[in-house]
Amino acid sequence: MNDIKKPVLRAAAAVIALAACALAHAAELPAGTVISAENIDKVKNDTFEGHTIASLLTEKMEWRIRNSGMKVPLAKAKEIPLDPKWVKASAANAGKTKINAETCQVDGWQAGQPFPDIDMKDPQAAEKVIWNWHLGQLSGDLAHAPFFTQVLIDGEKGVHAEPVAEFIRYSMKGRLSGDAVEGDGSERGRQLLYFKAPSDMKGLGTFTVMYDNAKVPDVWAYIPAVRRVRRLSGGAWMDPVGSSDQLQDDLEIFNARPCWYTGYKMLGKRTVLAVAHSKTPLWNRNGKTFEEKYPVLENKAPFWNMNGNVYEPREVYVIEATTPSEHPYSKKVLYVDTKYPRIYYGEAYNRKGEFWKMMEFHSYPAKAEDGFTDVRSAGGAIIDFQRNHATVFLVDSGSWKTNVPGMSQKDFTLQTLQAAGR
């Protein structure tokens, strides 16, 4: 053997021996173990449900654990129950739907997720996953959160505002109860959002009509101080939501019509730790202390980590979404469940390509008023690391209603917004 190669071979053998030694000492961690800055180096090579801890953490999650106080309590993975109506509607789309780039629609879609079978070799795989999220969420025909709060948090000083609002989204297409379409078929849905507290924000709100085509939503804002409605510009989908850290496009991490982005790249499929069976409620609106009001938040800097929830292994698609040039971000990286449309994490990068924000949403399956199995958000955090500030969205889950009987499109109009604001 060539003498020059011997040192190289000895070094390689040493590395293999060290790796084998590390694996030999790796342990399967029990549920309830909390991954933190104090133990991450010790447990990184250990496993949970057969995956190494290192492989279950995204690069940004590990960075947050090491540098920003994030803790990850482990929980066993559980199946998400998929409603039979949604499963049947989704299956009916197999082989019949097609992205129409000219009209910004999915031809052939009626209800459910438009692309139930994702082929990783398909050049449009990433875009199809995003269309599944846009059109095929397990959210029911009417989702109503009467109380949620946007907790505004300074990373050093803590909570400095906690406005309370109400949110309703009504589907006009893709309905799973009764006819699949209401109206003339041009609208995808209607949305009402208005604040209830504090007093200087009470009545301020928006009414949005979303379309099933390239047209940007029509958005009207009610200003209680002048008792008037004003129509917002067509680019409002990229605007900030009030004084929060999130854009309209960041609602539930990705809130754009898929064709408004300029491209999508499938970066791969992997398993990460995410919250799919969240504890509830994450917000007690009658609580007096920080701990009573926000049971999963940690009352120490930076205050926004939802360290008291439970994280389970979930298989996800990792997708890079490229924004249009006028967007504040240059791109988003999204982590989307492979079993049903749900985004757990989003990373936003500024126009220089620098990491800017991380979005993390926690969800749970629940039963609607009519028995439909839906998936609801318990809370979410939009963290601006460049500003050292966050907006944590928390829901009073006990008051949430899905598919409330007796309500129709007539209950969700501009007049509804004005009445709520007065």
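## Details of the state of the cysteines
Here is step 1 of the chain: Counting across every chain of the model gives one disulfide.
Here is step 2 of the chain: Residue pairing for C104: its cysteine sulfur links by disulfide to C259, the two sulfurs lying 1.7 Å apart. Here C104 and C259 share a disulfide; its torsion about the S-S bond, -80°, makes the bridge left-handed. In this pair, C104 sits in the loop between β5 (98-100) and β6 (105-107) while C259 sits in the loop between β13 (228-231) and β14 (263-274), placing the two residues 155 residues apart along the sequence.

## Some words on the pairing of strand β9 (residues 164-171)
Here is step 1 of the chain: With seven of eight residues buried, β9 lies mostly within the body of the structure.
Here is step 2 of the chain: Looking at chain direction, strand β7 (residues 142-154) and β9 are connected through six bridges and run antiparallel. Counterpart to F148 in the pairing with β9 is A165.
Here is step 3 of the chain: Summarising the sheet, β9 and strand β10 (residues 187-197) pair through eight bridges and their orientation is antiparallel. Each bridged residue has a counterpart across the sheet, and for F167 the counterpart in β10 is L193.

## Quick look at the packing of aromatic side chains
Here is step 1 of the chain: In this structure the tally under the stated criterion is 16 aromatic pairs.
Here is step 2 of the chain: For the ring pair F148 and F393, a centre distance of 5.3 Å and an interplane angle of 55° mean the geometry is tilted. Residue F148 is found in strand β7, and its partner F393 is found in strand β20 (residues 389-395); the two are separated by 245 residues along the sequence. Like F393, F148 is buried.
Here is step 3 of the chain: Directly above the aromatic system of F355 lies the positively charged group of K60, at a separation of 4.5 Å from the ring centroid.
Here is step 4 of the chain: A cation over a ring is seen here: R285 above F147, with NZ or CZ 3.7 Å from the ring centre.

## Regarding unusual backbone geometry
Here is step 1 of the chain: Across the junction of T280 and P281, the peptide omega takes the value -10°, indicating a cis bond.
Here is step 2 of the chain: Of note, the amide linkage connecting A301 to P302 takes the cis form, showing an omega dihedral of 10°.
Here is step 3 of the chain: Checked against the element boundaries, P302 lands in the loop between α7 (290-293) and β15 (312-322).
Here is step 4 of the chain: Not every positive phi belongs to a glycine, and E49 is a case in point at roughly 50°.
Here is step 5 of the chain: Its identity is not glycine, yet N403 carries a phi of approximately 55°, on the positive side.

## A word on the nonpolar core
Side chains of a nonpolar character, in soluble globular proteins, are inclined to be buried together.
Here is step 1 of the chain: Counting 56 residues, the largest nonpolar core has I35, I53, L273, Y340, Y345, V392 and L394 as the members making the most contacts within it.
Here is step 2 of the chain: Not counting residues within four places of it along the chain, the set of residues in contact with I35 comprises L29, I40, V43, I53, I65, M70, K71, V72 and L74.
Here is step 3 of the chain: In terms of nonpolar packing, the next biggest core, distinct from the first, is built from 35 residues, M238, L247, A321 and A348 among them.

## What to know about the pattern of salt bridges
Here is step 1 of the chain: Tallied over the entire structure, the rule returns 25 salt bridges.
Here is step 2 of the chain: The salt bridge involving K293 is made with E162; its shortest N-O contact spans 3.1 Å. Of this pair, K293 sits in helix α7 while E162 sits in the loop between β8 (158-161) and β9, placing them 131 residues apart in sequence.
Here is step 3 of the chain: Look at E162 and you get partly exposed, because its relative accessible area is 33%.
Here is step 4 of the chain: The salt bridge involving K332 is made with D249; its shortest N-O contact spans 3.4 Å. Here D249 lies in the loop between β13 and β14 and K332 lies in strand β16 (residues 331-337), a separation of 83 residues in the sequence.

## Considering the environment of R270
Here is step 1 of the chain: Along the chain, R270 turns up in strand β14.
Here is step 2 of the chain: Since its relative accessible area comes to 28%, R270 is described here as partly exposed.
Here is step 3 of the chain: For the pair formed by R270 and R314, sequence separation is 44 residues and the distance between their alpha carbons is 8.3 Å.
Here is step 4 of the chain: The contact partners of R270, leaving out residues within four places of it in the chain, are S55, L56, L57, T58, R314, E315, V316 and V318.

## Digging into the environment of L251
Here is step 1 of the chain: With respect to the secondary-structure elements, L251 resides in the loop between β13 and β14.
Here is step 2 of the chain: Residues L251 and M359, 108 residues apart in the sequence, show an inter-C-alpha distance of 9.8 Å.

Cut-off values and rules
Residues numbered from 1 in each chain as written. Predicted model: local features only at pLDDT ≥ 70, side-chain atom pairs only at ≥ 80, totals over all residues. Heavy atoms only, no water. Disulfide = S-S within 2.5 Å. Helix = DSSP H or I, 4+ residues; strand = E, 2+ residues; numbered from the N terminus. Buried < 20%, exposed > 50% of the residue type's maximum accessible area, 1.4 Å probe, protein only. Pairing = 2+ DSSP bridges. Phe/Tyr/Trp six-rings, centres within 6.5 Å; stacked < 30°, edge-to-face > 60°. Lys NZ or Arg CZ within 6 Å of the ring centre and 35° of its normal. Core = buried A, V, L, I, M, F, W, Y, C linked by side-chain atoms within 4.5 Å. Contact = heavy atoms within 4.5 Å. Salt bridge = Lys/Arg side-chain N within 4 Å of Asp/Glu carboxyl O.

Everything listed here is a matter of geometry and, on its own, says nothing about what the molecule does.
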